[in-house]
Amino acid sequence: MGSDHVNHFDIIVAGAGISGYSLLYQAMKAGIWADKQVLFIDKSFGNRPNKMISFWADSATPFRDNSVANWKKMVFYSHDGKKMPLDVGGYEYFSIDSKRLFETYHGYLSEFPNLCFLEAEVFASQYLGQVCTVKTNRGDFTSTYVFSSLFERPDVTGQYQYFLQHFKGVQIQVNEPLHSPDEAVIMDYRTGQQHGATFFYCLPLSSHQLFVEYTLFSKSLLEEQQYDDAIEKYITSVLGITNYVVLEEEKGVIPMTDYPFIRHRGNITYLGTAGGDTRGSTGYTFTNVQRTIGSIINAFQKSGTPFFETEHIGAKEKLYDATLLAVLNEGNYQGHEVFTDLFRGTKAERIFRFLDSDSPLSNDLKIMLSLRKWPFAKHFIKALLRK
């Protein structure tokens, strides 16, 4: 940091994850904070675990150059082993190496003299009057605006669902060339379902490298060995690969909830999961974060403030998410059955638009018709009355 005597800034960004780095990168590129003193706080800016960030997008995505691989062919496997090639229209599936992305962002941001990096633990952020205060183990800092992506689990009452999307992924090197190196398996339910909706991602990164991720939607985590055992069984028994070497590992947990997160508290703006950018029904966050950041930058360009009116994940989408989570919680319509019916009865292109919160009501209705009516209708009405 520049000087221990300076503790007031125009902008403070707390949390150096995808949300914090993306906000600063886009804001500095746009020039909206060129005349502002900016403080970027995180426990550590180095030695962070690598993660594969995967998402679907059209070919015009600005992250194409950051991707380590992309696929125009996508498939889905049901629990009973049926393979479904997906009609994805103009969508592609992309994977980004998070470590490379952070290195790119950090290198770019390090060139700005008005941006200070501070390694510290954030205890609290408060807004009192016209000033925000961020309390850390390195002292207190004030600013006009704070952007925080630091997540704390909310106190969820009985009226809200709180699932966890937990996963472990491995990148492996195989001896024999892969059979379909141009084909991304975005959901493969050929695994046990005793812990909840459970599936694999299977993404070929080259003819001899494969990323495999074991993902579960449930309310509790597994023992570490259970993830490893499931991954090994899938690779050897389902994929038929017996000779491989693990190059990298990653793991994580993402909340899936219909809890109503707050975007703004005074001049504090929350980003990422903390600000409601995680889609409750799927855990997808990356694309929603980028759209929120776009709204913040547009607001600054127009008014000099971060306040925008329309959330990308709107009331309609939140209602759908609450309905699906209630259906999964009830357990009579299992997760693998829901998603199999969804992909069997609807073009994937329509599903992607729906999950991206970019879907008109006519598209929503076509998707709903592919699912069992009563479980969703019952919980939809309950969620609507609760709202």
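For the chain, an unreviewed UniProt entry supplies the name Lycopene cyclase family protein and the organism Pedobacter helvus.

## With respect to the sheet that holds strand β4 (residues 67–71)
Strand order in this open sheet of 3 strands is β3-β7-β4, and the pairing throughout is antiparallel. Looking at the sheet topology across the chains shown, the edges are occupied by β3 (52–58) and β4. Averaged over all pairs of adjacent strands, the angle between their axes in this sheet comes to 25°, without regard to strand direction. Relative to strand β7 (residues 91–97), β4 runs antiparallel, the two sharing 4 bridges. Considered in β7, the bridge of Ser67 is made with Ile96.

## A short note on the pattern of salt bridges
Under the definition given, this model contains 19 salt bridges. Between Lys168 and Asp228 there is a salt bridge, with the nearest N and O atoms lying 2.6 Å from each other. With a gap of 60 residues between them, Lys168 in strand β12 (residues 162–174) and Asp228 in helix α3 (residues 224–238) connect regions that are remote in the sequence. For Lys168, a relative accessible area of 5% gives the class buried. One salt bridge in this structure joins Glu330 and Lys378, with 2.7 Å as the shortest N-O distance. Taken together, the residues span a long stretch of sequence, with Glu330 in helix α5 (residues 315–330) and Lys378 in helix α9 (residues 373–386) at a distance of 48 residues. For Glu330, a relative accessible area of 31% translates into the label partly exposed. Salt bridges sharing common partners tie together Lys168, Glu224, Asp228, Glu249 and Lys251.

What counts, and at which threshold
- Residue positions are given per chain, counting from 1 as you read along its sequence in written order.
- It should be noted that, the model being predicted, local features are given only for residues of pLDDT at least 70 and side-chain atom pairs only at 80 or more, the latter also being counted only at that level, while totals for whole chains, interfaces and linings use all residues.
- Here the side-chain values reflect all heavy atoms present in the structure, with hydrogen atoms and water set aside.
- Any two strands with at least two DSSP-identified bridges between them are counted as paired.
- Strands here mean DSSP runs of E at least two residues long; helices mean DSSP runs of H or I at least four residues long; both are numbered from the N terminus.
- To obtain each axis, a line is fitted to C-alpha atoms, and for helices this fit is confined to the stretch in contact; angles are then taken between N-to-C directions over 0 to 180 degrees.
- For this document, the term salt bridge refers to a Lys or Arg side-chain nitrogen within 4 Å of an Asp or Glu carboxyl oxygen.
- Accessible area is worked out with a 1.4 Å probe on protein chains only. A residue is then buried under 20% of its type maximum, exposed over 50%, and partly exposed in between.

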